[in-house]
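# Fold and contact review
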Amino acid sequence: ELKDFIQRKSAWVSQETLYGYLKTRMGAKYILMFEDEIFLGSINKAKWNIYVVALQDLTFYSLSYLKNILKFDQTSKAKDIYEEILNKEITNEMPNDVLENSKKKFNERLEKIDWEKYHSTLPFNESALALYEWSPVAEELKILDKKIVLNSMILKWDNVKKEFATLINF
C-alpha cells in the first residue's frame, strides 16, 4: 500500500504542477502546443525527470515520517521500494536514461540522508527544484516564475503530507 501511495501521489503532484504551470504560462495557446511534436517530446522528458525526483522525495519523506512519528523503521527498504516503482514504470515507457540516472541520484541521496530529520526539513525541495529545472519554458520566463513554481509544488505536497498523516494515524 505504501508503494502504491508513493507512486500515485508522486505522479499526481508531478503532473498537476507541470501541466498547471504550462497552462498558466501559455494561456490560450496551451491546447495548440500539444500538436507540436517537438514540444510534446520536451513535456515527456520533463514529466519523467520531475516524477522520478518526486518519487525519491516521497519515498524518503514517508519512511522518515514512519520511523520518527510512529517508531516504525522501514528505512532499510527505501531502495527496494523506489526501484520496484521504477521497474513498473518501464511498461509505461519511462526512458532508459531517466531510469538509470534516477537510480544513481537516489543512491547518492540515500547515502547522505538523515532519517531522523528528513520528514521535517524541506523534504520536497528537490522535486520542486526539478519542476523548475525541467519545465519546458523559456529561461527568461522561468526566472520570473521561480518562486511561484516552487511554491505551487510545495503546496501540493502539503496536501499529500496531510493525507499521509491521516492514513497512517487512522
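Above: the structure in question.
So, here is what we can say about the structure in this document. (Residues numbered from 1 in each chain as written. Predicted model: local features only at pLDDT ≥ 70, side-chain atom pairs only at ≥ 80, totals over all residues. Heavy atoms only, no water.)

## A closer look at a nonpolar patch on the surface
Let me state the cut-off plainly: Residues forming no salt bridge and having over 30% relative accessible area are the ones grouped into patches, like charges within 9 Å of each other and nonpolar side chains (Val, Leu, Ile, Met, Phe, Trp, Tyr) within 5 Å. In this description, accessible areas are obtained by the Shrake-Rupley approach with a 1.4 Å probe, and a residue is regarded as covered only by the protein chains that are shown. Criterion for a salt bridge: a side-chain nitrogen of Lys or Arg within 4 Å of a carboxyl oxygen of Asp or Glu. Where helices and strands are cited, they refer to DSSP runs of H or I of at least four residues and of E of at least two residues respectively, numbered from the N terminus.
On the surface, Ile69, Leu70 and Phe72 cluster together to form a nonpolar patch covering roughly 260 Å² of accessible area. On the secondary structure map, Leu70 appears in the loop between helix 3 (37-69) and helix 4 (78-89).

## Considerations on the environment of Ser135
Worth spelling out the cut-off: Should any heavy atoms of two residues lie within 4.5 Å, those residues are considered in contact.
Counting through the fold element by element, Ser135 comes out in the loop between helix 6 (125-134) and helix 7 (139-168). Measuring from C-alpha to C-alpha, the distance between Ser135 and Thr17 comes to 9.8 Å, with 118 residues separating the pair along the chain. Every residue in contact with Ser135, bar those within four places of it in the chain, is listed here: Leu18, Tyr21, Ala46, Ala130 and Lys142.

## Considering the side chain of His119
Short version of the rule: Classification of residues uses two cut-offs on accessible area relative to the type maximum, computed with a 1.4 Å probe and protein chains only: under 20% is buried, over 50% is exposed, and between them is partly exposed. Polar contacts, as used here, are pairs of N or O atoms within 3.5 Å; protein pairs need one atom able to donate a hydrogen and one able to accept it. Residues neighboring in sequence count only if both atoms are side-chain atoms.
The residue His119 is located in the loop between helix 5 (96-112) and helix 6 in this model. The buried category is assigned to His119, whose relative accessible area is 14%. Only 3.0 Å separates the side chain of His119 from the side chain of Ser64, close enough to count as a polar contact. Ignoring sequence-local partners within four residues, the contact set of His119 consists of Tyr61, Ser64, Tyr65, Asn68 and Ile69.

## Quick word on the packing of aromatic side chains
The condition that has to hold: The pairing test for Phe, Tyr and Trp rings, Trp by its six-membered ring, is centres within 6.5 Å, and the orientation test on the planes gives stacked under 30 degrees, edge-to-face over 60, and tilted for anything in between. The rule for a charge over a ring is simple: NZ of Lys or CZ of Arg within 6 Å of the ring centre, and within 35 degrees of the ring normal.
Here the structure, examined in full by the defined rule, presents 11 aromatic pairs. Pairing Phe60 with Tyr118 gives two aromatic rings, centres 5.7 Å apart and planes at 70°, and the pair type is edge-to-face. Taken together, the residues span a long stretch of sequence, with Phe60 in helix 3 and Tyr118 in the loop between helix 5 and helix 6 at a distance of 58 residues. Just as Phe60 is buried, Tyr118 falls in that class too. The residue whose ring lies beneath Lys146 is Tyr132, and the NZ or CZ to ring-centre distance is 5.1 Å.

## Quick look at the pattern of salt bridges
By the definition in use, this model includes 9 salt bridges. In this structure, Lys67 engages Asp73 in a salt bridge whose closest nitrogen and oxygen atoms are separated by 3.3 Å. Overall, Asp73 belongs to the partly exposed group, its relative accessible area being 42%. Between Glu139 and Lys142 there is a salt bridge, with its nearest N and O atoms 3.5 Å apart. With Glu139 and Lys142 both in helix 7 and 3 residues apart, this pair spans about one turn of that helix. On the basis of relative accessibility, which here comes to 48%, the residue Glu139 falls in the partly exposed class. Connected through shared salt-bridge partners, Lys67, Asp73 and Glu116 make up one network.

## Quick word on the side chain of Ser64
Within the fold, Ser64 resides in helix 3. Residue classification places Ser64 among the buried positions, given a relative accessible area of 0%. One polar contact links the side chain of Ser64 to the main-chain carbonyl oxygen of Trp115, over a distance of 2.7 Å. Those residues within four positions of Ser64 in sequence are excluded, and the remaining contacts are Trp115, Lys117, Tyr118 and His119.

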